[in-house]
Amino acid sequence: MAISVLLVDDEENFVATLAKRLTLRRFDVFTATRADPAFAALSENPIDVVLLDVRMPDLDGIEATKEIKASHPLVEVILLTGHASMEASLEGMRMGAFDYLLKPVNIDELVYKIEDAHRKKELQEEKIRRLAEKADEDSNAE
Amino acid sequence: MITRGLRWLQGIVGRLTGRAEPGDPEAARELFQTRYHALRLLLAANTKALDLMAAMERAAGGGFTIGMPFVRSHCTAVGVSVYQMVRHLDTLAPDRYTSLFERLEDIQHTIDHELATLPVPSDAPLVLPLTEVDSHHIDAAGPKMANLGEVANVVGMSVPKGFVITTAAHERLITANDLQPEIDRLLQAHQTEELDELFALSSNLQSLIMSADVPREIAAAIDAASARVASSPAEITYALRSSALGEDSAQASFAGQYQSLLNVRSEHLIESYLEVVASKYTPQAMHYRLQRGLRDEDVAMSVGCLEMIDARSGGVAYTGNPGDREDRNIYLSSTWGLPKAIVDGRFASDLLIVERAEPPQISDRQIGDKRTRFVLDPVEGVQRAEVPHDLHHRPSLSDEEAIGIAELALRLESHFKTPVDLEWAITTDGKVVILQCRPLAQSSAVARRPLPAGAPPPLVTGGVNASPGAATGSIHRVGRDSDALTCPEGAVLVLEQPLPRWAALLGRTAAVVAEEGGIAGHLATVARELGVPAILGAGLLDALEDGLEVTVDATGRAVYPGRIESLLRISDQERPAAVDTPVQQALRKVLRHIAPLNLLDPDGIEFKPASCRTLHDITRFCHEQAVREIFAFGTETEFPEYASKQLHHNVPMQWWVLDLGGGFKQPVSGKYVRLEDIACKPMLALWDGMVAVPWDGPPAVTGRGFASILFEATANPALATPFRKPYADRNYFIISEHFINLQSRFGFHFTNVEALAGLRPEENYLSFSFKGGAADHERKAARARFIGDLLADLRFAVKVTEDVVTARRTGLDHQDVEQSLRVVGYLLMHTRQLDMIMNEPTAVEHYRSKMVADIQSLSRN
């Protein structure tokens, strides 16, 4: 099954171009250019990885990362930014971002990062599945 | 219910990196996979961090142009990679190295502090009358206006009335409109090396500034200053001149790179001010900063607002020859009307050469055919006008005027204690006014050369040597902006008019030839600063067709067809040494906290998080500990499938193999694994190299050499058995399908080979490090250099420090990594004990030739 990616950035041209390129690489791509539709898309679709602009007019990407990790802990977030700042990057990572990439983004590198983030999510899902099965077995045994 | 489920899920996710429950093979397998994934990500982050550090070190040493966005983005990217390593190590060994997060944060704060820009004092005046400005006001008024104030108020020469809108006003403008974050974002997100991106970026940045609101207090200060200059606004018009910090030094004149607006009415001062500030981001100014390594944030723009002078004649004066430091004559370029015609470099003018004497004497006079001049438009701005016919060949300057200007120039040279470049005007009533004065940029003296023997006849001769040297390239003719966008790297630029805006191309240009222009134009000044050979005013250039390969000899004022090596060799010796730029200085400052490696000995007591002083130390620590942790997992966890196996092979040394997954063709039971069971191609390639050529045994050692080995063995406690770590006693392969890490200790030699040879060439790498030996220090170091030289010839990036050699190759496809591993495998076996013969040149040469031949034969096979 294709990896599904939600791309959130207020630069419409950037979103359109990147979405097209990721679709060509066989990702399922959802897009949003504002905060509310982004969170709606996250709730309504089985998103694996969110690509999130750090600075948008109505959204602080680092706070949003914290919020996404709280409500969808298995979803991985990759922050994208035009603002190179060590402090912001480490803050984003502390909030649980999988990675922090600087624009302009190298498409091959981005694809690898999405695949790596997705693999991490898969490993976590496998573990949860096994723990859930074990919990079922334990309760049946009782 | 949903909340409860989510909390359960979060709890699980939080525990995912915990320990496996004893006796649960499924849990152990999962945990192993999670850790292996973490190790793989840690290794990828390590490769990226090391690549970024290497790029930063290269940039700090000069060689290619960088701006502050490079420094900031590389610091951020390297910080992110190191953070990832720490986090992945935490996944591998939960809670064991948490203090690394604090160390990283401390180093990050130090780097951020080094990158911070000094703020402009908030109480600095927004506007300064020119009568109050002198050379002490560089920070507020910028060098151009500070120099002009000095000329007027200290030297006492005539300059236009006016005032300066200071750098404090610029700072206030940027802050009040919150422009800096957006400027930084745009600068970082575009690749300014690409010309089309540079033009698009320039347009975005200039629009951003043009649409800013000028804060009320700045507008009020400008109005008040203007009212002080002239009681009625209708009385005068203004020339607005940029005066940016960093501008107008001999090393970086920014000649013509920023906007000057002439004949501006006082009611249009505010929008004209914005226009000059926006010109900080013209393509040529941005390119110029990049070429000169100037920090964007250091270039605060102040703007001089000077009474516009209606000039009868105007021009520039140099108190020296810009192309020959030894020539101390005064060069005067002059034309009818405003001096703009001279500095734009596009129209014919007069050149007078004045000798230094008491009084100065005119020694040469070249009167140009001056058909065009610039005059004031009756409404606003300036316009081109035809010069009346009877003035075409008349000198635009009388001899008395020329000598008078030469004397003023010499006085200024004496005051500023350096040769100067001044712009002057003669008013309609014959008064000389100084408009600008800056240090003159001069190139080293270059002798006029005879035409090279055997060279083909030149295609073009004549013109002026506007920037000395010689260079070769293919011709690219530029007339319109669209021609500029297609200018290839290393082209010879052929122009009709040497306009300042073509300066944006100089960084990618081998040489410049123009039909018009002279030494005094802005493009000529920038070409000299960047060391790009230039012939200007060469006349018709029809012989120089697009795409033709030529050699431009600016010093000899000739263009030859083809490549003339003899000229290029001389030119190389004449090239100016690289300048240490502010950006490189900033980069080196931060690199002190990034690149040095202090944690050298993984077995030493200082090998701990608290000893990490740089980001490189943290990467080294994480890498070493990650490998140890993953190995420990295989041996400590009661799960035989993943425990290490001894390689069953007919070799005297013990080899142990730990499979991270996919490294064995099928599950292996028992204590041993055979070579036929190995699926890991990198391991098989390394092994191939190790066994490809039988080892001749240790080289013959003289008695002195043997005594030294005994001494080393007793003096170095790390070599004594009781001090060794258990894992270091054997040779270990840690493998997966595409990955290998070999830690080995052959006697006194410590080796680490690591390679990733997967399907993503961008992530693939091979790293090799070798240390130690039993001979004395000098011979061990010689052996390290010996190995380093062999690897450098094989295109490895090699670093040799004392007796340690490290080598890396990156970005290869998997077959190339495997081939390189064969060579490394060969070297591992055949450089053992070579340190002992390193003081015997004949033996060294024998081994070098043999190894080169063996390596060639390995490559053929």
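Residues numbered from 1 in each chain as written. Chains lettered and ligands numbered in written order. Predicted model: local features only at pLDDT ≥ 70, side-chain atom pairs only at ≥ 80, totals over all residues.

## Quick look at the overall build of chain A
Looking only at helices and strands, chain A features five helices and seven strands. Along chain A, helices (α) and strands (β) appear in the sequence β-α-β-α-β-β-β-α-β-α-β-α when read from the amino end. Looking at chain A as a whole, 40% of its 142 residues are labelled buried. Expressed as a percentage of contacts within chain A between residues at least 6 apart in sequence, the contacts between residues at least 24 apart total 60%. (Helix = DSSP H or I, 4+ residues; strand = E, 2+ residues; numbered from the N terminus. Buried ≥ 20, exposed ≤ 12 C-beta atoms within 10 Å, placed from the backbone. Contact = placed C-beta atoms within 7 Å.)

## Observations regarding the overall build of chain B
Scanning chain B from N- to C-terminus turns up 23 helices and 30 strands. Sequence-distant contacts in chain B: of pairs separated by 6 or more residues, those separated by 24 or more amount to 68%.

## Side note on the nonpolar core
Core analysis: the biggest nonpolar cluster contains 144 residues, and V5(A), V50(A), I78(A), L42(B), I618(B) and L686(B) have the highest contact counts within it. Considering every element that reaches this core, the biggest residue donor is helix α2 (residues 25-60) of chain B, with 18 residues. Beyond its immediate sequence surroundings of up to four residues, L686(B) is in contact with I740(B), L742(B), V753(B), L821(B), V824(B) and G825(B). L130(B), A402(B), A466(B) and A471(B) belong to the second-largest nonpolar core, a separate cluster that totals 135 residues. (Core = buried A, V, L, I, M, F, W, Y, C linked by C-beta atoms within 7 Å.)

## Topic: helix α13 (residues 399-416) of chain B
Residue and element names in this part refer to chain B. In this model α13 runs 26 Å from its N-terminal to its C-terminal C-alpha over 18 residues, within 8% of the 26 Å that 1.5 Å per residue would give. Listed as buried for α13 are E401, A402, I403, I405, A406, L408, A409, L412 and E413. Positive backbone phi, approximately 60°, marks K417, located one or two places after α13. (Expected span 1.5 Å × (residues − 1).)

## Topic: the interface of chain A and chain B
Of the residues lining the interface, 29 residues belong to chain A; the matching set on chain B comes to 33 residues. Those elements giving two or more residues to the side of chain A that touches chain B turn out to be α4 (86-94), β7 (99-102) and α5 (107-141) of chain A. Among the elements that line the side of chain A that touches chain B, the one with the most residues is α5(A), at 13 residues. For the side of chain A that touches chain B, the class distribution of residues is 13 nonpolar, five polar and eleven charged. (Nonpolar A, V, L, I, M, F, W, Y, C, P; charged D, E, K, R; others polar.)

## Some words on the pairing of strand β3 (residues 237-244) of chain B
Residues and elements named next belong to chain B. Of all eight residues making up β3, eight are buried, and the element is well covered by its neighbours. Burial along β3 is two-sided: the residues T237, A239, R241 and S243 and Y238, L240, S242 and A244 are all buried. Relative to strand β4 (residues 260-265), β3 is paired through four bridges, and the arrangement is antiparallel. Note on β4: the bridge partner recorded for T237 is R265. Strand direction decides the pairing type here: β3 and strand β5 (residues 301-307), joined by seven bridges, are antiparallel. Residue pairing across strands places Y238 opposite E307, the latter belonging to β5. (Pairing = 2+ DSSP bridges.)

## Focus: the sheet that holds β7(A)
Residue and element names in this part refer to chain A. Across the sheet, five strands lie side by side as β2-β1-β3-β6-β7; this open sheet has parallel pairing. A single partner strand is all that each edge strand has here, and the edge strands are β2 (28-32) and β7. Between one strand axis and the next, the sheet turns through 20° on average, direction left out of account. With five bridges joining them, strand β3 (residues 49-53) and strand β6 (residues 76-81) adopt parallel strand pairing. Paired with V50 across the bridge in β6 is V77. The strands touched by α5 within the sheet are β1 (4-8), β3, β6 and β7, with β6 carrying the most contacts at an inclination of about 155°. (Axes fitted to C-alpha atoms, helices over the stretch in contact; angles between N-to-C directions.)

## Notes on the packing of helix α7 (residues 180-189) of chain B against helix α8 (residues 195-210) of chain B
Residues and elements named next belong to chain B. In the contact formed by α7 and α8, the axes pass within 10 Å of each other and the chain directions differ by 175°. In terms of their interaxial angle, α7 and α8 are classed as roughly antiparallel. Here E182, I183 and L186 of α7 come into contact with α8, specifically with L201, N204, L205 and L208. Among the residues making up the contact of α7 with α8, the classes are represented as five nonpolar, one polar and one charged. (Parallel < 35°, antiparallel > 145°, perpendicular 65-115°, else oblique.)

## A look at the confidence of the model for chain B
Residues and elements named next belong to chain B. Per-chain confidence: chain B averages 82 in pLDDT, with 83% of residues scoring 70 or above. When pLDDT is averaged over each helix and strand of chain B, the minimum, 41, is found for helix α20 (residues 703-715) and the maximum, 96, for strand β2 (residues 162-165). Taken together, the stretch residues 573-578 has pLDDT below 50 and engages in eight contacts with residues farther than four places along the chain or on a different chain. Counting contacts from residues 702-729, a segment whose pLDDT is below 50, to residues more than four positions away or on other chains yields 20 contacts. The ipTM assigned to the predicted complex is 0.86, against a pTM of 0.59. (pLDDT = per-residue confidence, 0-100.)

## Remarks on the pairing of β5(B)
Residue and element names in this part refer to chain B. Most of β5 sits out of view: six of its seven residues are buried. Sheet topology note: the β2/β5 ladder contains four bridges and is antiparallel. Among the inter-strand pairings, G162 is bridged to a residue of β5, identified as L306.

## A word on the sheet that holds β3(B)
Residue and element names in this part refer to chain B. With antiparallel pairing, the five strands of this open sheet are ordered in space as β1-β2-β5-β3-β4. Bordering the open sheet on either side are β1 (127-129) and β4, each of which pairs with just one other strand. Strand-to-strand twist across the sheet, computed as the mean angle between neighbouring axes with direction ignored, equals 25°. Lying on the sheet, helix α9 (residues 216-229) is in contact with β1, β2 and β5; it crosses β1 at an angle near 10°.

## Here we look at the packing of helix α19 (residues 681-692) of chain B against helix α22 (residues 814-830) of chain B
Residues and elements named next belong to chain B. Packing of α19 against α22 leaves a shortest axis separation of 6 Å and a crossing angle of 40°. The angle between α19 and α22 falls in the class oblique. Crossing hand, α19 versus α22: right-handed. Residues K681, P682, A685, L686, W687, D688, G689, M690 and A692 of α19 pack against V817, E818, L821, R822, V823, V824, G825, Y826, L828 and M829 of α22. (Left-handed = near helix turned anticlockwise from the far one by under 90°.)

## A look at the environment of S85(A)
Along the chain, S85(A) turns up in the loop between β6 and α4. For S85(A) and L102(A), which are 17 residues apart along the polypeptide, the C-alpha to C-alpha distance reads 9.8 Å.

## Quick notes on the environment of H814(B)
Note that H814(B) resides in helix α22. Once the C-alpha coordinates of H814(B) and A755(B) are considered, the two residues, 59 residues apart in sequence, prove to be 9.8 Å apart.

## Points about helix α17 (residues 582-591) of chain B
Every buried residue of α17(B) is accounted for by V583(B), Q584(B), A586(B), L587(B), V590(B) and L591(B). Relative to the axis of α17(B), the buried residues are bounded by an arc of 160° and lie together on one face. (Arc of directions from axis to C-beta.)

## Some points on unusual backbone geometry
Residue and element names in this part refer to chain B. Cis geometry marks the peptide bond from E358 to P359; its omega dihedral reads -5°. As for its position among the elements, P359 is in the loop between β8 (350-355) and β9 (361-366). At D95, a residue that is not glycine, the phi angle is positive and equals roughly 65°. Looking at where D95 falls in the secondary structure, it is placed in the loop between α3 (68-92) and α4 (99-115). Judged by the 8 C-beta atoms lying within 10 Å of it, D95 falls in the exposed class. The backbone of D178 shows a phi angle near 50°, a positive value even though the residue is not glycine. The residue D178 is located in the loop between α6 (167-176) and α7 in this model. Given 9 C-beta atoms within 10 Å, D178 falls into the exposed group.

## Digging into the environment of Q856(B)
Tracing the chain through its elements places Q856(B) in helix α23 (residues 841-860). Under the C-beta neighbour-count criterion, Q856(B) is labelled exposed, with 10 such atoms within 10 Å.

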